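Reading the structure
Spelled out from the first residue to the last, the chains are:
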Amino acid sequence: MGEELVSQEMRREIDAIVSRLPADVSCVATGSIIEGFGNSSSDIDLYVIHDEGTPKQSISIGIRKSRYVDCEYMTRASVTDLLSRVENLSWGAMLDQPIFDINRYYRISIGIPVVLSDGLEKTLQSFDRGRACTVFERWSLLRAYEHLARASTALAFGAEDQADVLLREGVLWHANSRLAAGGEGYPAIKWTGEKAARLHGRGTAEFDDLLDDSLRPEGDLDSRLERLRSRLRLPDEPAALITARSCGLSDGVAFLPPAGPSAPGHLALRGRAVAIVKGVVAAVCARLAEGADWAEATRGTAEAAGVPHHELMTAAWFHTAGLRSSGLLRTDETEEPK
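Everything in this summary refers to the structure shown in the same document.

**As for the environment of Trp139**
Assignment of secondary structure puts Trp139 in helix α7 (residues 129-156). Once the C-alpha coordinates of Trp139 and Arg150 are considered, the two residues, eleven residues apart in sequence, prove to be 17 Å apart. In contact with Trp139, not counting residues within four places along its chain, are Met94, Gln97, Pro98, Ile99, Ile102 and Trp173.

Set out below in structure tokens:
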């Protein structure tokens, strides 16, 4: 990884872009090429960092010769803020953390400075690739568990095709967590095979162990679910944080039960909003409407469906995100476990 991976032609293309930048603007080259996964046709990823004010552009994509050039614009203040946010990410913050910040942090940590304004070099040197790998290891483990939980719940509610896809993706996220623990932390699932090959060698037992259950899964969905469940161990802290989350029907929201076995239910707030709910969400909302709290509603649904409570609770939280953001469900204040 590094400058030796940037061809002279690519360097000339980057220099042509940088030559048009103002004096107070820095530029960092990054992305899959710098990581060592790209090829001669890969796009060029550039972070263009302004010293002051607000960049006039956020992201722009253009073409130079046969190659895409992806320029993402930031301010120095936003870079400093990104450094602090990612370095201090707790398990609790990671539960609902999108990959965007982690991806940006990692890319800056491996980036090659093309031109730097005064004072930015020290900030960029604080971006640590090892720290990025640790964060991505944990984040990927949470995504793997979330996929496991959604797969087991989907299977219990008869959505076999969905369970199959979720299991394949869950295996990949688990592989990404294990690879990041070994120093291969590039935060993109599409490079899982290349990372595994670089760490273990393509076709080795370790390589196959990481990927076979996604690419060539054997057995039925239940056996595949058990295999992933047996491999995936969620630490006590994030497991307790998931248990501590709670939500319920917002004031004035009514649950309208399904009109038949295959029909959806609805959540309605008079004069404001109506949402269709089905599957696990409808089952949990029905219990919330009867007066159960979140733990009771998810436990009762889990017992009826034959799914481990913690897994169903995780899946139900994922699937109710839109209802919480729209205000149809309220999020209850909870204290983080000590």
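**What to know about the packing of aromatic side chains**
According to the stated counting rule, one finds eight aromatic pairs in the structure shown. Aromatic side chains Tyr106 and Tyr186 sit 5.6 Å apart centroid to centroid with 90° between the ring planes, which places their arrangement in the edge-to-face category. Highlighted residues: Tyr106 in helix α5 (residues 100-110) and Tyr186 in the loop between α8 (160-181) and α9 (192-200), separated in sequence by 80 residues. What makes Tyr106 buried here is its relative accessible area of 0%. In this structure Tyr186 comes out as buried when scored by relative accessible area, which is 1%. Their ring planes at 70° and their centres at 6.4 Å tell us that Phe136 and Trp173 sit as a pair that is edge-to-face. Residue Phe136 is found in helix α7, and its partner Trp173 is found in helix α8; the two are separated by 37 residues along the sequence. Assigned by exposure class, Phe136 and Trp173 land together as buried.

**Looking at the pattern of salt bridges**
This structure, assessed with the given rule, holds 19 salt bridges. A salt bridge links Arg76 to Asp51; the shortest N-O distance between them is 3.1 Å. In this pair, Arg76 is assigned in helix α3 (residues 76-87) and Asp51 in the loop between β2 (44-50) and β3 (59-64), connecting sequence segments 25 residues apart.

Reading the values: the criteria
- Residues numbered from 1 in each chain as written.
- Predicted model: local features only at pLDDT ≥ 70, side-chain atom pairs only at ≥ 80, totals over all residues.
- Heavy atoms only, no water.
- Helix = DSSP H or I, 4+ residues; strand = E, 2+ residues; numbered from the N terminus.
- Contact = heavy atoms within 4.5 Å.
- Phe/Tyr/Trp six-rings, centres within 6.5 Å; stacked < 30°, edge-to-face > 60°.
- Buried < 20%, exposed > 50% of the residue type's maximum accessible area, 1.4 Å probe, protein only.
- Salt bridge = Lys/Arg side-chain N within 4 Å of Asp/Glu carboxyl O.

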